[in-house]
Amino acid sequence: STRVRSSAASDVYKAAQNTSINYNELINSAIDEEDGNILANVTHNDIDTSKVGLQNLIYTVTDSDGNTTAKTVHVTIEKVVNNESQQGDEPMEQS
């Protein structure tokens, strides 16, 4: 069997809107009992950081026997207001 481990705490990651995500930082191992380290074989979908909210980043890897394992990291894209990240699309209060 293949184990894929994420370095993101609790499989949750937060990023500011319109920033880039270093996908390699979020996955730290892919070990197969027969093939050993197969981290180089890991693929993933891309996250659209222009969209505020929760998105699923799914890493997949296939071993030499054709067995595929997936690992999901929940990514929250936070809206940036005045250089600070905020969750959700709530309107700003005016004073």
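Residues numbered from 1 in each chain as written. Predicted model: local features only at pLDDT ≥ 70, side-chain atom pairs only at ≥ 80, totals over all residues. Heavy atoms only, no water.

Visitor: Would you take a moment to explain the overall build of the protein for this structure?
Guide: Scanning the protein for helices and strands turns up zero helices and eight strands. Written out in order from the N terminus, the α and β elements of the protein read β-β-β-β-β-β-β-β. Element-wise, carbon and sulfur atoms account for 41% of the exposed surface of the protein, whose accessible area totals about 6,200 Å². (Helix = DSSP H or I, 4+ residues; strand = E, 2+ residues; numbered from the N terminus. Areas by Shrake-Rupley, 256 points an atom, 1.4 Å probe, with all protein chains shown as cover.)

Visitor: I tried to follow unusual backbone geometry on my own but got confused; where do I start?
Guide: Trans is the prevailing form of peptide bonds, just as negative phi is the prevailing case for residues other than glycine. One non-glycine residue, Asn18, adopts positive backbone phi at about 60°. Within the secondary structure, Asn18 is located in the loop between strand 2 (12–16) and strand 3 (27–32). By relative accessible area, Asn18 is classed as exposed at 56%. (Buried < 20%, exposed > 50% of the residue type's maximum accessible area, 1.4 Å probe, protein only.)

Visitor: Explanation requested: the confidence of the model for the protein in the structure shown.
Guide: When pLDDT drops low, the exact placement of atoms in the prediction is not to be read closely. Counting all residues, the mean pLDDT for the protein is 84, and 79% of those residues have values of 70 or more. The model gives residues 89–95 a pLDDT under 50, and that stretch makes four contacts with residues more than four places away or in other chains. (pLDDT = per-residue confidence, 0-100. Contact = heavy atoms within 4.5 Å.)

Visitor: Sorry if this is basic, but what is going on with the pattern of salt bridges here?
Guide: Side-chain pairing between opposite charges can occur once the charged atoms of the two side chains come close. Tallied over the full model, the rule gives three salt bridges. Note that Lys71 and Asp11 form a salt bridge whose closest N and O atoms lie 3.2 Å from each other. Placement of Lys71 in strand 7 (residues 68–81) and of Asp11 in the loop between strand 1 (2–6) and strand 2 is noted, with a sequence separation of 60 residues between them. One salt bridge connects Asp48 with Lys51, and the closest N-O pair in it is separated by 3.9 Å. By relative accessible area, which is 52% here, Lys51 ends up exposed. (Salt bridge = Lys/Arg side-chain N within 4 Å of Asp/Glu carboxyl O.)

Visitor: Whenever I open this one, the environment of Ile31 confuses me. Can you help?
Guide: With respect to the helices, strands and loops of the structure, Ile31 is situated in strand 3. Given the relative accessible area of 29%, Ile31 is considered partly exposed. If we skip the residues at most four places from it in the chain, Ile31 touches Ser1, Thr2, Arg3, Gly36 and Asn37.

Visitor: Could you clarify how one ought to interpret the nonpolar core in this entry?
Guide: Inside soluble globular proteins, nonpolar side chains tend to come together where they are buried. Within the largest apolar cluster, 15 residues are counted, with the highest numbers of intra-cluster contacts made by Ile21, Tyr23, Ile47, Leu57, Tyr59, Val75 and Ile77. Among the secondary structure elements, those contributing two or more residues to this core are strand 3, strand 6 (53–62) and strand 7. The contacts of Ile47, once residues within four sequence positions are left out, are Ile21, Tyr23, Gln55, Asn56, Leu57, Val75 and Ile77. (Core = buried A, V, L, I, M, F, W, Y, C linked by side-chain atoms within 4.5 Å.)

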